[in-house]
Every structure is written in structure tokens, then in C-alpha cells.
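Chain residues, written in single-letter form:
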Amino acid sequence: MNVLFASSEVWPLVKTGGLGDVAYSLPKALQALGQDVKIILPAYREVLESCDGLKILGWMDSPYGYQTPTIRLLEATHPQFDQPFWLVDCQSLYDRVGNPYVNEEGYDWFDNAERFMQFSWAVSQIATGQVVDDWRADVVHANDWQCGLIPAFLDHHHHRPKRVFTIHNLAFGGHFSKEIYQSLKLPDTWWSPEGAEFYGGFSMLKAGLIYSDAITTVSPTYAKEICTSAFGYGMDGILSSRSYKLSGILNGIDEKIWDPSSDSYLPHHYSVDAIEPGKLDNKRALLSEHIDTVSDAALEAPLFGMVSRLTEQKGIDIITKAIPAMMMQTNANFVLMGSGSSHYEAVIQDLRNQYPDRVFCYLGYSEKMAHMVEAGSDIFLMPSRYEPCGLNQMYSLRYGTLPIVTNTGGLADTVVDASDGNSEANGFVMNSSDVNTLLDTMHRAVDAFKDKLGWKTLQQTAMNKDFSWKVSAEQYLELYK
Ligand code: ADP
Ligand code: GLC
């Protein structure tokens, strides 16, 4: 099957969160199942700079947009990819310094609607064989709002490929005004409640839901949650009326990149059969990034870790409220790594200044530190208010770092609470994401940590769980068929 897999970010070329990881590892798993999968993304400057081979495959003149630009399709290679991938290149839209979505001040790029509209249009042209003569797609797999107009543009083609649209996070809807819609010269036929129109403006995500043949999201529990008003961001009616084409397929993780026995970012390796001393050595290495002399007491104390975008989705507000109480009531230490909201960056810095020997933080984005925190912490904090899937709790499980999670979305589908006396227990599950529940659960984890034998059993159960992509990739393949 020829599959065109479109995403606005793909690790290691460009990544702001879990979508980047998925857009790298799912196509790879599908390729391993024998499918011809082409990854396609915009040719951002940082992507062009990291590729080692570039070839022009074709040209397109877009009839849409303010400036109707000329767009090139490039084929690129990179050492991390076994197969070449494709880039939609348009200098005026993608060749700039900064993040794929926001400028250096953290504001959305003023022309995001045009940037992702043109990307989606180009993908629809390539998918229908109008750019590369001998290649057309059987299936186009579009991810998140940035790719939402791909199914809509394909609607205009009679011999179109099947269209799969995956929701990674419903909170980001790609909402823009009617004026923008008109100035982009988008088709009148989409402007209806049964099309892209959404409360007087338009939503690229909604277009993806309406015009796709199948909608998926990244865990079975989130697929149910988004059909309710509490999680639906106004799309719950649309989603529940389309439940016939909606399903949840749990993400996997790349078990080569996230493997404590061979992880190239780690100074010490360990595995389920020999967790120690490797894990403790990583804890020492992680702590020594922040303190000059790592005492035995610091090594023995439970270390809570977090790696996250700093948003309320991830419960950073309740974590920062819980830390002072934990400081007083236990000997636990914290290492927080994240980037995002400047408010929470300041709150975390204040906590570090207050408890310089016990609260450590790394504010910024670093793959190496993400791996170090996963390996060096004892307990991972992920008390999300909602979580479509979540990859970090799965990385934590694989690294024997027991996660504290909320009973929602993909967290509910991957973590089994330790209090249940269940032989599959691998972490700590909270039934609501508020400070008191978090504090109770952190205390439970600290107590469980004291029972060394019981803790090791939990770690082994966690590390033995299979989160490889194979099973999920097979489910996507079934869906494509
Ligand atoms: P989300 O996509 O909602 O942010 P996920 O758990 O699915 O959450 O994926 C987050 C991904 O982003 C993980 O690979 C995680 O390691 C990475 N990540 C998040 N914050 C940072 C950071 N500050 N530095 C490095 N990696 C980060
Ligand atoms: C989104 C979600 C996260 C999910 C990731 C990859 O960023 O917030 O839960 O794991 O996409 O699907």
C-alpha cells in the first residue's frame, strides 16, 4: 500500500511534543510491515539544515492563499531515517528562524492559517499523483489541525485516496476567522456547519473530522472521552455523531531509542534483569548535574521527576503547589524539566531558590536531559487533566521509573494502580487531578518506595510491559485496508 503520512513535526528533524515522536516511529513500524510509507512535512529552516541530501521532485502553483506561491516538493535523506522522506518547500512560508508554530516571542506565526493551508493543499496534490508521475497514495494519513484541510482538499478529487485523520490533541483546533477564510480564497462549498465553519469562523481540525473517511485518536479511552462535553472542546457533537468512523489506537514507543540497556544519552545502562546498580548510577549522574556533592541521603531519598510542556494540561499547577508540602512532610527531592509558560517557569525557579538542595530544574528543551530524567528519577509525575495518549508515562515504565498519573485517556490505558494488589500493577493512579489527591498519591508512592522488594516487583512489571509499535501499526494497517 502507498501511504502518505503528513505531520507538522517529525523527530529528530523538528519536535515540540509527542506528535514528533509518533510521526517518526509509526511510519517506521508501517514500513517494517512492508508498506510504502512516505513521511511528508513542511521544509522548515531547521529541517533543511539538518538533512544531508536534497532532490527536487516537482513543482506546484497553488491557486489558494494571499500570494498564490510556487511550492516545491523535495526528497530528503537523514542518517536517522532508513528511507528518504518528502518536504513541502516554500521559502516565504517555512524558511524562518524559530518554532514551527510560534515566533521567538512565543506568539503564533501571523500566517499560520496560510502556512498549514498551503501545506495541506500541496499534500493533496502529491497524494493524487499530480506532482510525482509514478507515485500516488492509496491512503493519506493526516495528523492534527495543521493537516486538517488535507481531507477537505481531497474531497474535490474523484479518484481520491482514503483519508485517515488522527487527533493527537483536541485542545488545538486550528481556529481562524471568516476574514482569513475569505482572503485565503478557500472554497465556498466548505463554508457550512456540515463543513469547516465553526461558530462563525473556521476550524482546520473540524475540516479533518468532517471530510475524512476514518478518524482515529491515540488511545481507546480518549476516543470515548472526546465524545463528551467535558473533553470535546465543542467538537463532541460532531464526534459522537461520527462514532461509526472514530476509533482509538494506542500509541507505541520506539523501543530502540527508549531502551535503558542501550540509550546513548545515558552514562550507565541497565535492564529489567539488572536494574541496579545502573539505575542508581544514573540517579547520581542526574543529581550531580545540579549539586556538587551527591550525598548518600540524597541518593536514598525518593526522587520525583517530570519532563513536560509546562501547561495546565499536564497538571504543572498542582505539582508546584504540592512541592512545599512534600518538602515539609517527606525527604523526597524533585527534578523538573520543561519549557513553555513563562509563568510556570518563574514558579519553578522560585521553588528552586527556596529549596536549592532538593528542587532541581532544567528550563528548556533537551533530548539528553529528557532521557536522563526518565532514567535517574524513581517516580515520574504526570497528573494530567486530560491526556490523549502520553508517551512519557510509557518511557517511564520502560525505565523502571514508576509513574503517578490521572485516570484519563492514554494514562488510564497504560498504568495500573499499585494499591489494587493486582499482579499487573506498575504505577499510581489518581481518580482526579487536584492537589490533595496528588499529595495523597505522592505519599503512597513514597511509602511504597521504602519497601525495596515490593518496589522492585513493580519496576519489573513496568519494564516488562510491551509498548512496541508493532501491535498498533498492525491496527492502523487494518484500518487502511
Ligand atoms: P505531549 O505531546 O502532550 O507534550 P507526550 O508525553 O506525548 O506529551 O510527549 C512529550 C514528548 O516531548 C516526549 O518525548 C518528551 O520527552 C518530550 N518533551 C517534553 N518536554 C520536553 C523538554 N522540555 N525537553 C525535551 N523533551 C521534552
Ligand atoms: C499530543 C498529546 C499526547 C500524545 C501525543 C502523541 O501531544 O497531548 O497525549 O501522546 O500527542 O500522540
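Above this text you will find the structure in question.
Computed from a prediction, not measured in an experiment: that's the story for all the values here. (Residues numbered from 1 in each chain as written. Chains lettered and ligands numbered in written order. Predicted model: local features only at pLDDT ≥ 70, side-chain atom pairs only at ≥ 80, totals over all residues. Heavy atoms only, no water.)

Draft legend 1. Spatial organisation of helix α12 (residues 316-329). Its 14 residues give α12 an end-to-end C-alpha distance of 20 Å, which sits within 8% of 20 Å, the value for a rise of 1.5 Å per residue. Across the 14 residues of α12, 10 count as buried, placing the element largely inside the fold. For α12, every residue scored as buried is listed here: I316, D317, I318, I319, T320, A322, I323, A325, M326 and M327. Residues of α12 that are buried in the fold lie against β13 (303-310), β14 (333-340), α13 (342-354), β15 (359-363), β16 (379-382) and α17 (435-450). (Helix = DSSP H or I, 4+ residues; strand = E, 2+ residues; numbered from the N terminus. Expected span 1.5 Å × (residues − 1). Buried < 20%, exposed > 50% of the residue type's maximum accessible area, 1.4 Å probe, protein only. Contact = heavy atoms within 4.5 Å.)

Draft legend 2. Broad picture of the packing of aromatic side chains. Taken as a whole and assessed by the stated rule, the structure comprises 22 aromatic pairs. Relative to F202, the ring of F176 lies with its centre 5.8 Å away and its plane at 40°, an arrangement referred to as tilted. On the criterion of sequence distance, the pair formed by F176 in strand β8 (residues 175-176) and F202 in strand β10 (residues 201-203) is long-range, its members being 26 residues apart. Ring centres 5.1 Å apart and planes at 15° place the aromatic pair F304 and F334 in the stacked group. Within this pair, whereas F304 is found in strand β13, its partner F334 is found in strand β14, the two being separated by 30 residues in sequence. Its relative accessible area of 0% is what places F334 among the buried residues. Linked through ring pairs, Y101, F116, W145, F176, Y181, W191 and F202 together constitute an aromatic cluster. Just above the ring of W109 sits the side chain of R96; from NZ or CZ to the centre is 4.7 Å. (Phe/Tyr/Trp six-rings, centres within 6.5 Å; stacked < 30°, edge-to-face > 60°. Lys NZ or Arg CZ within 6 Å of the ring centre and 35° of its normal.)

Draft legend 3. Here's a closer look at the site of ligand 1. Within the structure, ligand 1 sits among 21 residues, and G18, D21, R309, K314 and G364 are positioned closest to it. A distance of 2.9 Å is found between an oxygen atom of ligand 1 and a backbone nitrogen or oxygen belonging to L391. Considered on its own, ligand 1 offers 560 Å² of accessible surface; in the complex 94% of this is hidden by protein. Secondary structure elements with two or more residues in the shell around ligand 1: α1 (18-32), β13, β14 and α15 (392-398). Tallied by class, the residues present in the shell around ligand 1 amount to 7 nonpolar, 9 polar and 5 charged. (Near = heavy atom within 4 Å. Polar contact = N/O pair within 3.5 Å; in protein donor to acceptor, adjacent residues only side chain to side chain. Areas by Shrake-Rupley, 256 points an atom, 1.4 Å probe, with all protein chains shown as cover. Nonpolar A, V, L, I, M, F, W, Y, C, P; charged D, E, K, R; others polar.)

Draft legend 4. Examining the sheet that holds β8 more closely. Pairing in this open sheet of 3 strands is antiparallel, and the strands run β8-β10-β9 from one edge to the other. A single partner strand is all that each edge strand has here, and the edge strands are β8 and β9 (197-198). As defined by bridge partners, β8 adjoins β10 across 2 bridges and the pair is classed as antiparallel. In the strand pairing of β10, H175 is matched with S203. Helix-sheet contacts for helix α7 (residues 204-211) involve β8, β9 and β10, and the interaxial angle to β10 is about 60°. (Pairing = 2+ DSSP bridges. Axes fitted to C-alpha atoms, helices over the stretch in contact; angles between N-to-C directions.)

Draft legend 5. The arrangement of α13 in detail. Over its 13 residues, α13 extends 18 Å from the first C-alpha to the last, a length consistent with the 18 Å expected when each residue adds 1.5 Å. When we look at burial in α13, the residues that qualify are Y344, I348 and L351. The buried residues of α13 occupy one face: seen down the axis, they fall within an arc of 55°. Turned more than 90 degrees away from the buried face of α13 sit S342, H343 and N353, all of them exposed. Those residues of α13 that are buried lie in contact with β13, α12, β14 and β15. (Arc of directions from axis to C-beta.)

Draft legend 6. Region of interest: the nonpolar core. Grouped together as the largest cluster of nonpolar side chains are 170 residues, with contacts concentrated most on L4, I40, L186, F304 and I404. The dominant element in this core, judged by the number of residues it contributes, is helix α4 (residues 112-127), at 9 residues. Split by domain, this core shows at least three residues from each of two domains, domain 1 (2-249) and domain 2 (278-466). Apart from the residues within four sequence positions on either side, F304 is in contact with M326, A332, N333, F334, V335, S377, I379, L381, I404, M442 and V446. (Core = buried A, V, L, I, M, F, W, Y, C linked by side-chain atoms within 4.5 Å. Domains from an automatic or database assignment.)

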